[in-house]
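Chain by chain, the residues:
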Amino acid sequence: AGSAMGLIFAGLVALFLLLPIAIVVPMSFSTAISFEFPPPGYSLGYYAKYFSSEEWLKPTLNSLVIALGATTLTLLLVVPAAFGYVRYRFRGKAFVNLLMMAPLIVPHVVSALAYYGFLGRARLTGTHLGVIVAHGVLAVPVAFLVIAATLKGFDRNLERAAMSAGAGPLRTFFHVTLPVLRPGMLVGALFAFLSSFTEAVVVIFIGGREAATLPKKMYESIRLESDPVIAVVSTLLVSAVVLGVLVSAFLRRRSANAT
């Protein structure tokens, strides 16, 4: 009876999470001039409008550039930090872990205010670089958790065997360590990319006009004009996240098989 109730509860939670998607996706193919469900008819008109509108394509390009830059910055910070945290013992290790998790714990509104003050003094508000720095730091906890977990499952005897055969530290890293850890690092990079690409609160504070991203444009559209194209963007974002989760699952399974 307990397991049956658990399944029913899990089904209700899944329905609650999937119901908005079941509404938004059909609306993206609607012929209505505003938000209307169920749609009176179906067409690809709003998809054509999205892919031909600079008003939407420019924020999309900004989101891609910023997400790629933030992913690169995150990996540059997280990979050395994960190696140091997992492989070495030092005083204050628990505090370092808490510090790495801080961007995940602190509300984004609070972080946005802090970034606005810090980046404002550096004259980076309203720039791609400023948003990349903010998004890169925000993505650190998720990427750190994934890469640190991958490192904990790594068999260091592989490195010892390579070094005993005459390989130096760099050669061992690039030919032994990196190939085994690559799937986990790719998963961390994917999560960092999705974290940046879908973030809206911080970019509203510091993005400005030139570094406006797709989530910021969606927020402004729903608040000011209620453009039905937002249903198209929402559908594309959901599709991208689902694809990212599938790729992540594939990479994690491949990593498990490799080890």
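This text follows the structure it describes.
My aim in this report is to walk through the structure given alongside it, one point at a time. What you see is a predicted model; the values in this text were computed from it and never measured. (Residues numbered from 1 in each chain as written. Predicted model: local features only at pLDDT ≥ 70, side-chain atom pairs only at ≥ 80, totals over all residues. Heavy atoms only, no water.)

The full count for this structure, using the stated rule, is five aromatic pairs. Residues Y50 and W56 carry aromatic rings whose centres are separated by 6.5 Å and whose planes lie at 55° to one another, so their mutual orientation is tilted. Comparing Y50 with W56, the two get one shared label, buried. Ring centres of Y85 and F144 lie 5.5 Å apart, and the angle between their planes is 70°; this geometry places the pair in the edge-to-face category. (Phe/Tyr/Trp six-rings, centres within 6.5 Å; stacked < 30°, edge-to-face > 60°. Buried < 20%, exposed > 50% of the residue type's maximum accessible area, 1.4 Å probe, protein only.)

Residues lying three or four places apart along an α-helix face the same way, a consequence of the helix completing one turn every 3.6 residues. Taking 1.5 Å of rise per residue, the 13 residues of helix α4 (residues 93-105) would be expected to cover 18 Å, and the 18 Å separating its terminal C-alpha atoms lies within 8% of that figure. Considering bend angle alone, the principal kink of α4 is centred on L99 and spans about 30°; proline P103 follows within four residues of it. All of the buried residues in α4 are M100, M101 and P103. In this fold, the buried residues of α4 make contact with α3 (54-87), α5 (108-121), α6 (128-138) and α7 (140-152). (Helix = DSSP H or I, 4+ residues; strand = E, 2+ residues; numbered from the N terminus. Expected span 1.5 Å × (residues − 1). Bend = angle between axes of the 7 residues up to and from the residue. Contact = heavy atoms within 4.5 Å.)

Grouped together as the largest cluster of nonpolar side chains are 17 residues, with contacts concentrated most on V78, A82, F83, F144, L181 and M185. When residues of this core are traced back to their parent elements, those giving at least two are α3, α4, α7 and α9 (169-197). In terms of residue count, the dominant contributor to this core is α7 (six residues). Not counting residues up to four positions away in its chain, the partners in contact with M185 are L75, V79, F83, I147 and L178. By size, the runner-up hydrophobic cluster in this structure holds 13 residues, among which are Y46, A67, F197 and V229. (Core = buried A, V, L, I, M, F, W, Y, C linked by side-chain atoms within 4.5 Å.)

Further remarks concern the layout of surface pockets. By volume, the largest pocket amounts to about 230 Å³. Lining the largest pocket are E55, K58, P59, N62, G208, R209, A212, K216, K217 and E220. Here the lining of the largest pocket takes four residues from α3, the largest share from any one element. Of the residues that constitute the lining of the largest pocket, the class distribution is two nonpolar, two polar and six charged. (1 Å grid on protein atoms, 1.4 Å probe; cavity = no way out; pocket = protein on both sides within 12 Å on 5 of 7 lines; lining within 4 Å. Points joined across faces, edges and corners; volume = space filled by probe spheres on them. Nonpolar A, V, L, I, M, F, W, Y, C, P; charged D, E, K, R; others polar.)

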